[in-house]
Amino acid sequence: ACPAADALAAWPMWYEESLDGRLAPQGRRDMELLARRLAARFPALFAARRRLALASSSKHRCLQSGAAFRRGLGPTLGFGGDEVEVEVNDSLMRFFDHCAKFVALVEENEAAMCQVNAFKEGPEMKKVLEKVASALCLPVEELNADLVQVAFLTCSYELAIKNVTSPWCSLFSEEDAKVLEYLNDLKQYWKRGYGYDINSRSSCILFQDIFQQLDKAVEESKSSKPISSPLIVQVGHAETLQPLLALMGYFKDEEPLLATNYGRQEQRRFRSGRIVPYAANLLFVLYHCDRANASRHEYQLQLLLNESLLPFHHSNDTVSTYADLKDYYRDILENCHFKEECELPKVNVTAVDEL
């Protein structure tokens, strides 16, 4: 009498503890194919004997991602082999771990997730819980939002990793999926996005490092020296990229994401599944324009998010002079100091007041 429960009873539990934190085979393929596409798109940058600087977070899946990216470049390129050393740099790739203010007031502070917890108890999630309980022939009291979210993630993992439609997916309609997507977006918004300033401000150490590398390339180019690091690949996490994009002002909605405005946020910009999907990537591509009619236009830059051009805020164009871009972000480049930003307040205030 309960086909959904029967299908789940026959479902093989393939997930093992040893897989935790490891890169799935599909993840390796994604990184290899990304490397090949970028090499085809920027052949001059990925030419033989060009130096590749490869940095990674210390997490095993990131190190594996870096190795897969390098492998995707193949043996024909000078940096395609194993001789490229991967520099572990958690201060840049996991800046959030090193920011005491973020850790204490957001990461480990249950009160910071009040909107997420409120949505779990709200009418939209209640409706999903009732439907799932009915499908499984269970009393609704035996389920909660966290269990339903795990079921939904299991459905999505099997689709992404194994390319199969899991029996877990049969529990959810498209409308249910939208509610559960919003639940995840709420968490990312308040923990990694615009919810609290420290989420994005903590990423300025990485933002400044990117521009220091670009500055160095410009200086070397102006003095006709070979570019010492023509290709820099840094492998981090969704939690590395999401705050950086928030710092740069991308995907910000006029109204904050709240437990109470699900209906009004149907067309929201902040959709973490689209911003930082699996194998998400952000590229800063610096060009030297030989025939520029003014020195200000000699160096220009493009941004690509997940291999699509990202328009700049200051111009809504997909190309910017490097000088204009630095002017636009001058305040962050000059006035965001990681140590000071991340210090815990000396006075004894409650966490929510501080946020």
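Above: the structure in question.
So, a few notes on the structure that sits alongside this text. Predicted model only: the values in this text are computed from it and were never measured. (Residues numbered from 1 in each chain as written. Predicted model: local features only at pLDDT ≥ 70, side-chain atom pairs only at ≥ 80, totals over all residues. Heavy atoms only, no water.)

### Some thoughts on a nonpolar patch on the surface
Here comes step 1: On the surface, Met-13, Tyr-15 and Leu-19 cluster together to form a nonpolar patch covering roughly 300 Å² of accessible area.
Here comes step 2: Its place among the elements puts Leu-19 in the loop between α1 (3-9) and α2 (25-41).
Here comes step 3: Judged by its relative accessible area of 35%, Leu-19 falls in the partly exposed class. (Patch = residues over 30% accessible without salt bridge, like charges linked within 9 Å, V, L, I, M, F, W, Y side chains within 5 Å. Areas by Shrake-Rupley, 256 points an atom, 1.4 Å probe, with all protein chains shown as cover. Salt bridge = Lys/Arg side-chain N within 4 Å of Asp/Glu carboxyl O. Helix = DSSP H or I, 4+ residues; strand = E, 2+ residues; numbered from the N terminus. Buried < 20%, exposed > 50% of the residue type's maximum accessible area, 1.4 Å probe, protein only.)

### A word on the packing of helix α7 (residues 123-135) against helix α9 (residues 174-191)
Here comes step 1: Packing of α7 against α9 brings their axes to within 10 Å, and their N-to-C directions diverge by 130 degrees. In this view, α7 runs oblique relative to α9, as classed from their interaxial angle. Judged by the sense of rotation from one axis to the other, the crossing of α7 with α9 is left-handed. Residues Glu-124, Met-125, Val-128 and Lys-131 of α7 touch α9, and the partners they reach there are Asp-176, Val-179, Leu-180 and Leu-183.
Here comes step 2: Here the contact of α7 with α9 is composed, by residue class, of 5 nonpolar, no polar and 3 charged. (Axes fitted to C-alpha atoms, helices over the stretch in contact; angles between N-to-C directions. Parallel < 35°, antiparallel > 145°, perpendicular 65-115°, else oblique. Left-handed = near helix turned anticlockwise from the far one by under 90°. Contact = heavy atoms within 4.5 Å. Nonpolar A, V, L, I, M, F, W, Y, C, P; charged D, E, K, R; others polar.)

### Notes on the sheet that holds strand β2 (residues 86-88)
Here comes step 1: A sheet is described by the order of its strands in space; here 3 strands give the open sequence β2-β1-β3, paired in parallel fashion. Whereas interior strands pair on both sides, the edge strands pair on one side only; in this sheet they are β2 and β3 (231-235). Within this sheet the neighbouring strands show an average axis-to-axis angle of 25 degrees, counted without direction.
Here comes step 2: Two strands pair when backbone bridges link them, and strand β1 (residues 52-56) and β2 are joined in this way by 3 bridges, in the parallel orientation. Within β2, the residue paired with Ser-56 across the bridge is Val-88. (Pairing = 2+ DSSP bridges.)

### Structural notes on the environment of Leu-153
Here comes step 1: Structurally, Leu-153 can be placed in helix α8 (residues 145-162).
Here comes step 2: C-alpha of Leu-153 to C-alpha of Leu-180: the two residues are 27 residues apart in sequence and 9.4 Å apart in space.

### Examining the packing of α8 against α9
Here comes step 1: With their axes 11 Å apart at the nearest point, α8 and α9 run at an angle of 105 degrees to one another. Here α8 lies roughly perpendicular to α9, going by the angle between them. Contacts from Val-148, Gln-149 and Phe-152 of α8 reach α9 at Ala-177, Leu-180, Leu-183 and Asn-184.

### Some details on helix α12 (residues 238-247)
Here comes step 1: Among the 10 residues in α12, 8 count as buried, and that is most of the element.
Here comes step 2: Gly-249 sits one or two residues past α12 and shows a positive phi near 90 degrees.

### Observations concerning the packing of aromatic side chains
Here comes step 1: A full pass over the atoms with the stated rule returns 17 aromatic pairs.
Here comes step 2: Measuring from ring centre to ring centre gives 5.6 Å for Trp-11 and Trp-168, while their planes differ by 85 degrees; the resulting arrangement is edge-to-face. Remark: Trp-168 occurs in the loop between α8 and α9 and Trp-11 occurs in the loop between α1 and α2; sequence separation between them is 157 residues.
Here comes step 3: When the centroid spacing of 5.3 Å and the interplanar angle of 70 degrees are considered together, the rings of Tyr-182 and Tyr-262 count as edge-to-face. One end of the pair, Tyr-182, is in helix α9; the other, Tyr-262, is in the loop between α12 and α13 (272-275), and 80 residues separate them in sequence.
Here comes step 4: Following the ring pairs from residue to residue traces out a cluster consisting of Phe-207, Phe-211, Phe-284, Tyr-322, Tyr-328 and Tyr-329.
Here comes step 5: Seen from the ring of Phe-96, Arg-192 lies directly overhead, with NZ or CZ sitting 4.8 Å from the centre. (Phe/Tyr/Trp six-rings, centres within 6.5 Å; stacked < 30°, edge-to-face > 60°. Lys NZ or Arg CZ within 6 Å of the ring centre and 35° of its normal.)

### Section: the pattern of salt bridges
Here comes step 1: On inspection of all chains with the given rule, the structure shows 17 salt bridges.
Here comes step 2: With a closest N to O distance of 2.9 Å, Asp-215 and Lys-326 form a salt bridge. Of the two residues, Asp-215 is situated in helix α11 (residues 204-222) and Lys-326 in helix α14 (residues 322-328); the sequence distance between them amounts to 111 residues.
Here comes step 3: The exposure class of Asp-215 is partly exposed, given its relative accessible area of 25%.
Here comes step 4: The class for Lys-326 is partly exposed, based on a relative accessible area of 25%.

### A closer look at the nonpolar core
Here comes step 1: Ranked by size, the top nonpolar core spans 72 residues in total, and within it Phe-119, Leu-282, Phe-284 and Leu-303 carry the most contacts.
Here comes step 2: Once residues within four sequence positions are removed from consideration, Phe-284 is found in contact with Ile-210, Phe-211, Leu-214, Met-248, Leu-301, Gln-302 and Leu-303.
Here comes step 3: Leu-52, Leu-54, Cys-62 and Leu-283 belong to the second largest nonpolar core, which has 18 residues in total. (Core = buried A, V, L, I, M, F, W, Y, C linked by side-chain atoms within 4.5 Å.)

### Quick word on α11
Residues spaced three or four apart along an α-helix face the same direction, because each turn holds 3.6 residues.
Here comes step 1: Between its first and last C-alpha atoms α11 spans 27 Å; for 19 residues at 1.5 Å apiece the expected length is 27 Å, and the two agree.
Here comes step 2: Looking at α11, one finds that the buried residues are Cys-204, Leu-206, Phe-207, Gln-208, Asp-209, Ile-210, Phe-211, Leu-214, Ala-217, Val-218, Glu-220 and Ser-221.
Here comes step 3: Immediately beyond the C-terminal end of α11, within one or two residues, lies Ser-224, with a positive phi of roughly 60 degrees. (Expected span 1.5 Å × (residues − 1).)

### Here's the deal with the side chain of Ser-56
Here comes step 1: Inspection of the secondary structure assignment puts Ser-56 in strand β1.
Here comes step 2: Within the structure, the side chain of Ser-56 is placed 3.4 Å from the backbone nitrogen of Leu-63, a separation counted as a polar contact.
Here comes step 3: Beyond its immediate sequence surroundings of up to four residues, Ser-56 is in contact with Cys-62, Leu-63, Val-86, Glu-87, Val-88, Asn-89, Met-93 and Val-235. (Polar contact = N/O pair within 3.5 Å; in protein donor to acceptor, adjacent residues only side chain to side chain.)

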